[in-house]
Amino acid sequence: MPGAPLSLEIGIMRIAIALTGLVAIGGAARALDVSLKTPEVVLEAPPLTSALTDTTWLISEDFDTSSALPGGWSSIDYTDVIAPTYWNVNDLNTYGGTGAWWCGTEGDGWTGYGNMWRQQLDLTLDLSSATGITGLTYWQFFDAEWANPEPPDDTWDGGTVRVSTDGGTTWSVITPQQTYLYSSIYAFFLQDGTHDIPGWSGRLTSPDWEEVTFNLTPYVGGEVIVRFDFASDKFASPEDGIYDPALSAWFIDDVAVGNTSLDVYFEDDMEGALKPEWNPHAGPVTPSGDWWDIVDDSHPQPDGRPVYVSAPNALFIGDPASSQGDGTYYADDHELRPLDNGVELPPIDLSGDPDMETASIRWQERAKRDGVGGYQYFDVSTDGGTSWQEIEYRLEAGTFDWGEEEISYSLNAYIGMSDVRVRLRAGTGTGPEHYLYWYVDNVEVFYTKDATGIEGDLPAIGGKAALHDASPNPFNPRTRVSFTLAETADVSLRIFDVSGRLVRTLLDGRELAGDHSVSFDGRDNKGAALPSGVYTARLVTGETVQTTRLLMLK
Ligand SMILES: [Ca+2]
Ligand SMILES: [Ca+2]
Ligand SMILES: [Ca+2]
């Protein structure tokens, strides 16, 4: 979809140049953006158009035609929704004899529970033949992070007991005769969005084990499921070592159900085979949701800078409702879960052209990362999205404006494959205050055909532009490539190695009439130093192609 230059806005571009005094000199001044919000802001992103005659675009997306994700694009939540089950019968800590239910595990150097746990132990009780005043009694040991979060919550991690009389469809918290120690557990609010779930937290000390009794008389005559429901938040558990590394969560032993006439309906000390009435399982994990979105400049704008390269839209992931007010996604925001969310591009067919020489993806972005837990990933799948290879993740802290980072990746390894999937993925981990935001615009997937022998194949030098010899030449590792334009033109200036492979794009966009000089630092598009050897600088303006040889000697 290259073409359609945005000619209507060229006048604005010229105003920008006049106000800043910026002339297109050097690599930094390429491709002035035409979607300026204020004249003095000059962006450096190349437009979608290119004059490179042997380049074919497979995807060229500026997100500007709709406020929804384009067709074939999808925002997908990769949050691990199938969590392990940790409730288990263990001899680690029992009320008597051997065996007790334990909501915990022995991890790498720690024993207890982890962050963002939701562990549920269900006990199905058939009370259809029960009579009279009926109760559940058991012994428990409890040890979980407690402190004072913001009201109405009064502890962080903890456990509560619920019942269901409709087979598990709906649940109600029931209160023991001994009453709960806390009135609102933050972890349940974090996971379910519900305050005022009471329960146990902290550590029982005197004695370590306590007896708990629930009145089940209201459920006599039917079936009831009793659920021991444990939840932890994102932070401070034995898993991350910030809390007691032996914080052991919840132990349950010597469970009995009976009535005041000493009829017994259920009994288990967990010393024999597991009774079928028990059902330990992980609770449902609430997905973080599909966070990638299309935004325009009504979106909160970090630092007041434009939210797109091409107007009016760009792709974005972040939380505009963040308390920071800059659109940053804060993983520690009390209403939000750790983020693991990707946008997948439409499938890419790299098998359709036998002359395909190089294949690439590039995009423009504006991003902010905390350098600790806010990650940007670029992944590729060659099995239809079943498994993904992490090509790169970027972690270093900073705020990166449009054009500050060269975002392009070679897809050469996938040439010949008919279904190549790529995704941009954002993650924030489980610790506190991890954050990022990420704007993406002008995503292009393209390939070039055989570029060897280019000098003989393409039209002779035209009159509109002149490419000059590089200086110095030979060079180590930096040189300058100069050219003169007779009129404003769409220009690309690229470096190819001796085998004809594209190694570096120096310019790709609209340049003004006059003399231009572009620095080449001997590095490829990913910033890696190139080896000594012969390179070709290739200037394309309109339909003319000119080349000049470069020799790097180290
Ligand atoms: Ca026992
Ligand atoms: Ca915690
Ligand atoms: Ca756009």
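Residues numbered from 1 in each chain as written. Chains lettered and ligands numbered in written order. Predicted model: local features only at pLDDT ≥ 70, side-chain atom pairs only at ≥ 80, totals over all residues. Heavy atoms only, no water.

(A) Local environment of the pairing of strand β1 (residues 55-61). A large share of β1 lies buried, amounting to five of its seven residues. Two strands pair when backbone bridges link them, and β1 and strand β27 (residues 435-449) are joined in this way by six bridges, in the antiparallel orientation. Bridging from a neighbouring strand, I59 pairs with V445 of β27. (Buried < 20%, exposed > 50% of the residue type's maximum accessible area, 1.4 Å probe, protein only. Helix = DSSP H or I, 4+ residues; strand = E, 2+ residues; numbered from the N terminus. Pairing = 2+ DSSP bridges.)

(B) Region of the structure containing the coordination of the calcium ion (ligand 2). Protein coordination of the calcium ion (ligand 2) is provided by E145 (OE), D157 (OD), D157 (OD), D233 (OD), F235 (O) and A236 (O), with donor distances spanning 2.3 to 2.8 Å. Every donor counted, the six donor atoms about the calcium ion (ligand 2) form angles of 50 to 163 degrees at the centre, which fits irregular coordination. (Donors = N, O, S within 2.8 Å, 3.2 Å for Na, K, Ca; no water. Tetrahedral: all angles 85-135°; square planar, octahedral: opposite > 155°, others 65-115°.)

(C) Representation of the pairing of strand β14 (residues 249-259). Burial of β14 is extensive: nine of the 11 residues sit out of reach of the surface. Relative to β14, strand β4 (residues 100-103) runs antiparallel, the two sharing three bridges. Bridged to W101 within β14 is I252. Here strand β8 (residues 134-144) runs beside β14; their pairing, made up of nine bridges, is antiparallel. Counterpart to F141 in the pairing with β14 is F251. Taken together, the four bridges between β14 and strand β15 (residues 264-268) define a ladder with antiparallel strand orientation. For G258, the partnering residue across the bridge sits in β15 and is V264. Where β14 hands over to β15, the hairpin turn is made up of four residues, of which L262 adopts a positive phi near 70 degrees.

(D) Just the pattern of salt bridges, in detail. Under the defined criterion, the tally for this structure stands at 17 salt bridges. The shortest N-O distance in the salt bridge between D122 and R227 comes to 2.8 Å. Taken together, the positions of D122 in strand β7 (residues 118-126) and R227 in strand β13 (residues 223-231) put the pair 105 residues apart, joining distant regions of the chain. Taking the relative accessible area as the measure of exposure, D122 reaches 5% and is therefore buried. (Salt bridge = Lys/Arg side-chain N within 4 Å of Asp/Glu carboxyl O.)

(E) Up close: the packing of aromatic side chains. In total, this model carries 34 aromatic pairs according to the counting rule given. When the centroid spacing of 5.7 Å and the interplanar angle of 5 degrees are considered together, the rings of W102 and F251 count as stacked. Of this pair, W102 sits in strand β4 while F251 sits in strand β14, placing them 149 residues apart in sequence. Of the residues examined, W102 reaches a relative accessible area of 1% and is grouped as buried. Pairing F228 with W250 gives two aromatic rings, centres 5.9 Å apart and planes at 80 degrees, and the pair type is edge-to-face. Remark: W250 occurs in strand β14 and F228 occurs in strand β13; sequence separation between them is 22 residues. Of the two residues examined, F228 and W250, each falls in the buried class. Each member of the aromatic cluster is reached from another via a ring pair, and the members are Y86, W87, Y113, W117, Y138, F142, Y180, W200, F214, F228, F230 and W250. Here R227 stacks its cationic end above the ring of W171, 3.8 Å away from the centre of that ring. (Phe/Tyr/Trp six-rings, centres within 6.5 Å; stacked < 30°, edge-to-face > 60°. Lys NZ or Arg CZ within 6 Å of the ring centre and 35° of its normal.)

So far we have only geometry, and geometry alone does not tell us how the molecule works.
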